[in-house]
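Descriptive analysis of the structure
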Amino acid sequence: MNNKEFSARKLLGQWGILIAIAIAFLIFSVAAPRAFLSVDNFITILRSISITSVIAMGATIGFAAGVFDLSFASLATMGAAFSVTFIAWFNMPMPIALLATIACCMLVGFLNSIVVVKFHVTAFLATLAMSFILDGFVLTYSGGSMINPKVDSASGMKVVREVPTAFWNLGKSPYIIIIMFICVIVVELFLSYTKHGRILYMVGSSPQAAKLSGVNTGRYIMLAFFATAIFSAIGGTLIASRAGTVQATAGSSFLMPSIAAANIGFSLGGRGKANALGTFAGAALVGIVENGLYAMAFPYYSINIVKGIILMVALIMSGLSQKSQD
Amino acid sequence: MGQTSDRIEVKDVSIEFPGVKALKEVNCTFSCGEVKALIGANGAGKSTLMKVLAGANPTYTGQVLYNGTPVEIRNPGDARKLGISIVYQEVDSILIPNLSVAENIMIDYLVYDLKGVGVVNWKNMQAKAREVMKELEIDIDVTALVSSLTLAQKQMVVIGRSIVQNCKFLILDEPTAPLSTKETEVLFDLVRKLKARGCGIIFISHRLNELFEICENIVVMKDGEIVGERAVDGVLTINDIVTMMLGRETGEKLDKSGRELGENVLELKNFGDSENRVHDINIYVRRGEIVGISGLVGAGKTELCKSLFGAFGKTKGEYILDGKKVNPSDTGQAVKNGLALIPEERRKEGIFLEESVNRNLSVVTLGRFSKVLGFVNRAKELETAKDKIEKLTIKTPSPNQKVGLLSGGNQQKVTIGKWLDSDADLYIFDEPTKGIDVGAKMEIYKLIVTLARSGKAVIYTSSEQSEILTLSDRIYVMYDGTVQKELNPETTNDQEILFYCTGGK
């Protein structure tokens, strides 16, 4: 293979997402300049990818440690339900309600890690079971209907406190965008620059080698589950504050986009593993394309086709870049 | 089944792998109705020769004759047509764990014989499988899943499959290494039955006393050549075989001077792990001392290393480090106690192939470079890595090179390097020169001596006797999960070590 071909492949493999974002940007700017090319629309794009990005941060940490946690979306639904009802039904002040939501989600993450580490169940299957339990639990909690914090619930809970404006503001720009950026930066710093992030990658790359280097691998897998739970809780809170109500399926619509974003981002900069910036870029790519297609009046019911193609192309690209290194 | 006259002749068969002549014009005959043993040290070429017969080494030169007619064995299918079956040491690799015993035995029926829509005749298939097992007097339920069987039973299933495939020659590659004494007896009974049916058995083993029990002829290999064939006639002794296996060899002299033996770093009394992989071990290791642990594959060397390192959880008996009783429940505690492990499976357990040299070198001591909020001081990390690369003369284009792209010897240096700044007092090397070329071996030896000079205690395991003799101050020989004998390298020789390794008393 000659050098030119090699570097072109490497360029596409490592920086393909950024190139794709740039190309998408150009195409939509030309095709739908009015609807696409405006500051307002960029803010709309950022807002639309914020919840996916936040939730996907949890999945990113999971993938880094080699843990496929499937329950994060259902956990986000629970986070959404808890955050708003802890205030409305249980009369908690907002900061306490949010902390309690995170704590409850972490408890679920703890249970996940126990099943995986102590009982040696594959993470994928353990968390599949957990996601059923969580979905059922949220439905039971809400009495089988949508949660609306302004009216008494079907499960017989009374509204005892009005949800403050501050809560609803969380779901609006600029706050939701700021929260997203903070989450991305924190996870990027954690995974790439701290000891624990480094070791998480080691555990993900070879658990045996990590163990025989003196790493308590079980503890790090638990850490990954905790991290996933925290970002699901934050993401869930944003879902509730943005929508105003909580559907029993609120979180599950973020499952596939989050997994896609994290996987599209693997190859960013030749990192070859789950990473925060890559995940953000992956979410951004999908967000821009989705928004641009809307702007071009592309039928909304066909947009998933394009999203699927993006994911597939991204996976092929990163497969090629892996191959070029061999 | 086969007539007793069937025979396979190997004539001037050679095989060359890049850089090594694995077989040099080997000549040998195997006949039906005969149990022939093939022995030799690691790397002598036994498995290579057997793979030729099994069709797994298609690049051989020379000729294989079947009853005098030249035949080509260039793929496993050729071997099967000639009635040659092989039972590899890793039986799991040729069985399908999620299928029943019957399906595994009748695999040919499932894969080749089912015509049309391919409806499985369960009743028939199970009956046939049961019949074979009954003939061989193997007591295994044919409806059981293979995954639920013991290793010994899995071997039986593979042998049963060979019978269904009309095998005339059965190659058993170190079948007894993972078996208990009782399981070995059962296997031997089976071998005798197969022989009575007219099967030719080729038996590879390191356990010499076993071979005397079951074989008529012993073929000894060394460095890719057959150095002799002897009949087991009552006159032949284990020592004769050992002498043939070793031959005489000379090597570069290793300078081990400049070390001071200090107090005991490690002392074990009746030590064992919770599942009896190793048991009743009484040894000690002093500061500055290199203690060699000799033993064949399956003797429990790796298990001893891992249980010392806390990889199997809590242990039994007394485990004394630096005068204090310890019992590490996990590997992290073992590291805190001052242990370093260079594991046997380097690529799987020693290094992170996808990570850089730099990151591999810092994995144990990452905590030192990350004081504030756990943030890693990358400059300091890189500086330390460069320092280690220089000290260990690791050949790498840069500290950021992926470890997976280095040579075996350099990968091993990285595995050693990650412990250099960990304050470990006891270094455990588990077969560190496995798969490493001769030149790099000497470098690894020198590194180990350097560690001992700086006051570290070293445990060194190897299945090569010459290596143990070169390196050790004292030698413990392991057999069947325990330490069988302590030897002094000044007064012993490779024959005596091999004698105890193979279960001699």
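Here the structure is shown first, and the text comes after it.
This write-up is about the structure you can find in this document. Just so it is clear, the model here is predicted, and its values are computed rather than measured.

1. Re the overall build of chain A
A tally of regular secondary structure across chain A gives 14 helices and zero strands. In sequence order, the secondary structure elements of chain A are arranged as α-α-α-α-α-α-α-α-α-α-α-α-α-α. In terms of C-alpha radius of gyration, chain A reaches 20 Å, essentially the compact-globule figure of 20 Å for 326 residues. In terms of overall dimensions, chain A has a C-alpha envelope of 70 × 60 × 30 Å along the principal axes.

2. Thoughts on the overall build of chain B
Looking only at helices and strands, one finds 18 helices and 20 strands in chain B. Relative to the compact-globule value of 23 Å for 505 residues, chain B shows a C-alpha radius of gyration of 25 Å, a close match. The principal-axis extents of the C-alpha atoms in chain B amount to approximately 70 × 55 × 45 Å. Counting all 505 residues of chain B, 56% fall into the buried class. For chain B, restricting intrachain contacts to residue pairs at least 6 apart in sequence, the fraction spanning at least 24 positions comes to 68%. With the model as given, the accessible surface of chain B reaches about 21,700 Å², and the carbon-plus-sulfur share is 49%. Distance between charge centres in chain B, computed from 64 positive and 69 negative side chains, equals 4 Å.

3. Some details on the sheet that holds strand E9 (residues 217-222) of chain B
Residue and element names in this part refer to chain B. In space, the six strands of this open sheet follow the order E6-E7-E8-E3-E9-E10, with mixed pairing throughout. The open sheet terminates on both sides in strands that have one partner only, identified here as strand E6 (84-87) and strand E10 (225-231). Here the strands of the sheet are splayed against their neighbours by 20 degrees on average, with no regard to which way each runs. Across six bridges, E9 lies against E10 in antiparallel orientation. Looking across to E10, one finds that lysine 222 is bridged to glutamate 225. Along the sheet, helix H7 (residues 181-196) contacts strand E3 (35-39), strand E7 (169-173) and strand E8 (200-204); its crossing angle with E8, the most-contacted strand, is approximately 150 degrees.

4. Description of unusual backbone geometry
Here the residue pair serine 173 of chain A and proline 174 of chain A is connected by a cis peptide bond, since its omega of 10 degrees sits within 30 degrees of zero. Secondary-structure assignment places proline 174 of chain A in the loop between helix H7 (165-170) and helix H8 (175-193). In this structure, aspartate 280 of chain B is a non-glycine residue whose phi angle is positive, near 50 degrees. By the element assignment, aspartate 280 of chain B lies in the loop between strand E11 (264-273) and strand E12 (281-286).

5. Some details on the pattern of salt bridges
Residue and element names in this part refer to chain B. Within this structure, the stated rule accounts for 31 salt bridges over all chains. As a salt-bridge pair, aspartate 108 and arginine 80 come within 3.5 Å of each other at their nearest N and O atoms. You can see aspartate 108 sitting in helix H4 (residues 107-113) and its partner arginine 80 sitting in helix H2 (residues 76-81), a full 28 residues away along the chain. Arginine 259 is the partner of aspartate 473 in a salt bridge, and the nearest nitrogen-oxygen pair spans 2.7 Å.

6. Focus on the packing of aromatic side chains
Tallied over the full model, the rule gives 24 aromatic pairs over all chains. Ring plane angle 70 degrees and centroid distance 5.2 Å describe the contact between tyrosine 300 of chain A and tyrosine 301 of chain A, whose orientation is recorded as edge-to-face. On the numbers, 5.5 Å between centres and 85 degrees between planes, the contact of phenylalanine 271 of chain B with tyrosine 319 of chain B is edge-to-face. Here tyrosine 319 of chain B lies in strand E14 (residues 315-321) and phenylalanine 271 of chain B lies in strand E11, a separation of 48 residues in the sequence. Across the pair, exposure class does not vary: phenylalanine 271 of chain B and tyrosine 319 of chain B are buried alike. Taken together, the ring pairs connect Phe82, Phe86, Trp89, Phe90, Phe137 and Tyr141 of chain A into an aromatic cluster. Here lysine 273 of chain A stacks its cationic end above the ring of tyrosine 201 of chain A, 4.9 Å away from the centre of that ring. The ring centre of tyrosine 60 of chain B lies 3.9 Å from the NZ or CZ of arginine 74 of chain B, which sits over that ring.

7. With respect to the sheet that holds strand E18 (residues 457-462) of chain B
All names here are of chain B. A sheet is described by the order of its strands in space; here six strands give the open sequence E16-E17-E18-E13-E19-E20, paired in mixed fashion. A single partner strand is all that each edge strand has here, and the edge strands are strand E16 (339-342) and strand E20 (482-487). Pairwise comparison of adjacent strand axes, ignoring direction, gives a mean angle of 20 degrees for this sheet. Examined bridge by bridge, strand E13 (residues 290-294) and strand E19 (residues 474-479) share four bridges and lie parallel to one another. Bridge pairing links valine 291 to arginine 474 in E19. Contacting E13, E19 and E20, helix H18 (residues 494-501) runs over the sheet at an angle of about 30 degrees to E19.

8. Some points on the interface of chain A and chain B
Of the residues lining the interface, 22 residues belong to chain A; the matching set on chain B comes to 31 residues. Counting the surface chain A buries against chain B, the share from its top three residues, Arg198, Met202 and Leu212 of chain A, is 32%. The interface formed by chain A and chain B includes two salt bridges. The partner of lysine 273 of chain A in a salt bridge is glutamate 355 of chain B, with the nearest N and O atoms 3.1 Å apart. Scanning the region where chain A abuts chain B turns up nine residue pairs in polar contact (both at pLDDT 80 or more). Taken together, the elements giving at least two residues each to the side of chain A that touches chain B come down to H8, helix H9 (195-205) and helix H10 (207-211) of chain A. Broken down by element, the side of chain A that touches chain B gets its largest block of residues, six residues, from H9 of chain A.

9. Considering the pairing of E3 of chain B
All names here are of chain B. Extensive coverage of E3 is indicated by the burial of five of its five residues. In E3, alternate side chains face the same way, and those of Val35, Ala37 and Ile39 on one face and Lys36 and Leu38 on the other are all buried. Two strands pair when backbone bridges link them, and E3 and E8 are joined in this way by four bridges, in the parallel orientation. Within E8, the position partnered with valine 35 by the bridge is isoleucine 201. Where E3 meets E9, four bridges bridge the pair, whose relative direction is parallel. Counted as the bridge partner of leucine 38 is valine 219 from E9.

Thresholds, definitions, all that
- Residues numbered from 1 in each chain as written.
- Chains lettered and ligands numbered in written order.
- Predicted model: local features only at pLDDT ≥ 70, side-chain atom pairs only at ≥ 80, totals over all residues.
- Heavy atoms only, no water.
- Helix = DSSP H or I, 4+ residues; strand = E, 2+ residues; numbered from the N terminus.
- Rg over C-alpha atoms; globule rule 2.2 N^0.38 Å.
- Buried < 20%, exposed > 50% of the residue type's maximum accessible area, 1.4 Å probe, protein only.
- Contact = heavy atoms within 4.5 Å.
- Areas by Shrake-Rupley, 256 points an atom, 1.4 Å probe, with all protein chains shown as cover.
- Lys, Arg positive; Asp, Glu negative; His and termini not counted.
- Charge placed at Lys NZ, Arg CZ, Asp CG, Glu CD.
- Pairing = 2+ DSSP bridges.
- Axes fitted to C-alpha atoms, helices over the stretch in contact; angles between N-to-C directions.
- Salt bridge = Lys/Arg side-chain N within 4 Å of Asp/Glu carboxyl O.
- Phe/Tyr/Trp six-rings, centres within 6.5 Å; stacked < 30°, edge-to-face > 60°.
- Lys NZ or Arg CZ within 6 Å of the ring centre and 35° of its normal.
- Buried area = accessible area lost by both parts, 1.4 Å probe.
- Polar contact = N/O pair within 3.5 Å; in protein donor to acceptor, adjacent residues only side chain to side chain.

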